[in-house]
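Now for the letters of each chain:
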Amino acid sequence: MADKMLLFASLLTALGVIIATAVKVYKFIRKWEKWVEEQSEHALDNYLSIKRLTIMSREMPLSERIAAGEKYIKYGGNGEVKHKYEELLTFLPNEKNDNGGI
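Residues numbered from 1 in each chain as written. Predicted model: local features only at pLDDT ≥ 70, side-chain atom pairs only at ≥ 80, totals over all residues. Heavy atoms only, no water.

Visitor: Please give an account of the overall build of the protein chain that cites residues and values.
Guide: A tally of regular secondary structure across the protein chain gives three helices and zero strands. Traced from its N-terminal end to its C-terminal end, the protein chain shows the element sequence α-α-α. The C-alpha radius of gyration computed for the protein chain amounts to 29 Å, which surpasses the reference 13 Å derived for 102 residues by more than 25%, pointing to a less compact arrangement than a globule. For the C-alpha atoms alone, the extent of the protein chain along its principal axes is close to 100 × 25 × 20 Å. Evaluated residue by residue, the protein chain yields a buried proportion of 16% over its 102 residues. Excluding contacts between residues fewer than 6 apart, the proportion of contacts in the protein chain whose partners are at least 24 apart in sequence is 40%. Surface summary for the protein chain: the accessible area is close to 8300 Å², and the carbon and sulfur share equals 63%. (Helix = DSSP H or I, 4+ residues; strand = E, 2+ residues; numbered from the N terminus. Rg over C-alpha atoms; globule rule 2.2 N^0.38 Å. Buried < 20%, exposed > 50% of the residue type's maximum accessible area, 1.4 Å probe, protein only. Contact = heavy atoms within 4.5 Å. Areas by Shrake-Rupley, 256 points an atom, 1.4 Å probe, with all protein chains shown as cover.)

Quick look at the structure:
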């Protein structure tokens, strides 16, 4: 009888350890997923900020500003910078004519 009780107690203890370990692993994985999502969001924000600066910079060539605008729009950029990109598109034919069709 005592052996059966010890066996039952050891099974309960092992089951408790297994469940506790599974919960810790699950929490770690969820925390890791949230961290990865946050890092991806920050990377996209930084990418859009760089594109925004490129679009708005008058020192950059028009072709680079327009290429940056296309990527900016593609990744969800909007607002005043999108309007600036659309404005730059109207200048593109003029630049081609000024450079001999290039």
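Continuing now.
Visitor: Describe helix α2 (residues 62-74), with residues and values.
Guide: Over its 13 residues, α2 runs 18 Å from end to end, which matches the ideal 18 Å to within 8%, given 1.5 Å per residue. Positive backbone phi, approximately 95 degrees, marks Gly76, located one or two places after α2. (Expected span 1.5 Å × (residues − 1).)

Visitor: I'd like to hear about the pattern of salt bridges, residue by residue, with values.
Guide: In the structure shown here, the tally under the stated rule is two salt bridges. Put simply, Arg30 and Glu33 hold a salt bridge, and the shortest N to O gap is 2.5 Å. A residue pair is termed a helical-turn pair when its members lie 3 or 4 positions apart in one helix, as Arg30 and Glu33 do in helix α1 (residues 2-56) at three residues. (Salt bridge = Lys/Arg side-chain N within 4 Å of Asp/Glu carboxyl O.)

Visitor: Explain a negative patch on the surface to me, and be specific about the residues and the numbers.
Guide: The grouping of Glu37, Glu38, Glu41 and Asp45 at the surface amounts to a negative patch. Examined against the element boundaries, Glu41 turns out to sit in helix α1. (Patch = residues over 30% accessible without salt bridge, like charges linked within 9 Å, V, L, I, M, F, W, Y side chains within 5 Å. Lys, Arg positive; Asp, Glu negative; His and termini not counted. Charge placed at Lys NZ, Arg CZ, Asp CG, Glu CD.)

Visitor: Explain the side chain of Arg65 to me, using residue names and the numbers behind them.
Guide: Along the polypeptide, Arg65 turns up in helix α2. No salt bridge forms around the buried Arg65; measuring N to O, its nearest opposite-charge neighbour Glu87 is 7.2 Å away. Here Ser57 takes part through its backbone oxygen, which lies 3.1 Å from a polar atom of the side chain of Arg65. With residues near it in sequence (within four places) discarded, Arg65 still touches Thr54, Ile55, Met56, Ser57, Arg58, Met60, Lys84 and Leu88. (Polar contact = N/O pair within 3.5 Å; in protein donor to acceptor, adjacent residues only side chain to side chain.)

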